[in-house]
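In case you want the letters, here they are:
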Amino acid sequence: QVQLVESGGGLVQAGGSLRLSCAASGRTASTYAMGWFRQAPGKEREFVAAINYKGSAYYADSVKGQFTISRDNAKNTVYLQMNSLKPEDTAVYYCGARKYYYSESGDRYNFWGQGTQVTVSS
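On a predicted model such as this, the values are computed, not experimentally measured, just so you know. (Residues numbered from 1 in each chain as written. Predicted model: local features only at pLDDT ≥ 70, side-chain atom pairs only at ≥ 80, totals over all residues. Heavy atoms only, no water.)

## Focus: the pairing of strand 3 (residues 18-25)
- Where strand 1 (residues 3-7) meets strand 3, five bridges bridge the pair, whose relative direction is antiparallel. Bridge pairing links Val5 to Ala23 in strand 3.
- Relative to strand 8 (residues 77-82), strand 3 runs antiparallel, the two sharing six bridges. By the bridge assignment, Cys22 is partnered in strand 8 with Val78. (Pairing = 2+ DSSP bridges. Helix = DSSP H or I, 4+ residues; strand = E, 2+ residues; numbered from the N terminus.)

## Some remarks on the packing of aromatic side chains
- Enumeration over the complete set of coordinates arrives at 10 aromatic pairs.
- Ring centres of Tyr53 and Tyr100 lie 5.1 Å apart, and the angle between their planes is 65°; on these two criteria the pair is classed as edge-to-face. Separated by 47 residues along the polypeptide, Tyr53 in the loop between strand 5 (46-51) and strand 6 (57-59) and Tyr100 in the loop between strand 9 (91-99) and strand 10 (111-112) bring together distant segments of the chain.
- On the basis of relative accessibility, which here comes to 37%, the residue Tyr100 falls in the partly exposed class.
- Each member of the aromatic cluster is reached from another via a ring pair, and the members are Phe37, Phe47, Tyr58, Tyr102, Tyr109 and Trp112. (Phe/Tyr/Trp six-rings, centres within 6.5 Å; stacked < 30°, edge-to-face > 60°. Buried < 20%, exposed > 50% of the residue type's maximum accessible area, 1.4 Å probe, protein only.)

## As for the nonpolar core
- Ranked by internal contacts, the top residues of the largest apolar core, which has 34 residues, are Leu4, Trp36, Leu80, Met82 and Tyr93.
- Only strand 3, strand 4 (32-39), strand 5, strand 7 (67-72), strand 8, strand 9 and strand 11 (116-121) provide two or more residues apiece to this core.
- Once you skip the residues sitting within four places of it in the chain, Leu80 turns out to touch Leu18, Arg19, Leu20, Trp36, Val48, Ala49, Phe67, Thr68, Ile69 and Tyr93. (Core = buried A, V, L, I, M, F, W, Y, C linked by side-chain atoms within 4.5 Å. Contact = heavy atoms within 4.5 Å.)

Set out below in structure tokens:
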């Protein structure tokens, strides 16, 4: 079992930055790939970024060059650094965990956090 707790969301003006954190509990947390997804009101959940258990990172085209995902296995924490934020980045951001390798499909993740709200004002 892996429990995930996201933090770091908030209200920011367009062009600003936020860093989201996802803390994972469990002895084998370092063997999980971690993914960030987001869901805006009235829209489906979408893949944002993910990092494999070995540290390889993957991004949705819409956030490449804007967001950076990283992990600190000593702290069992994954981060999502979000820069140059735009109003269209407004959403609830969720982190998910699945064994070893990432997927862009949220259905393939076994564990989820409660989500953290990110609101970008224009």
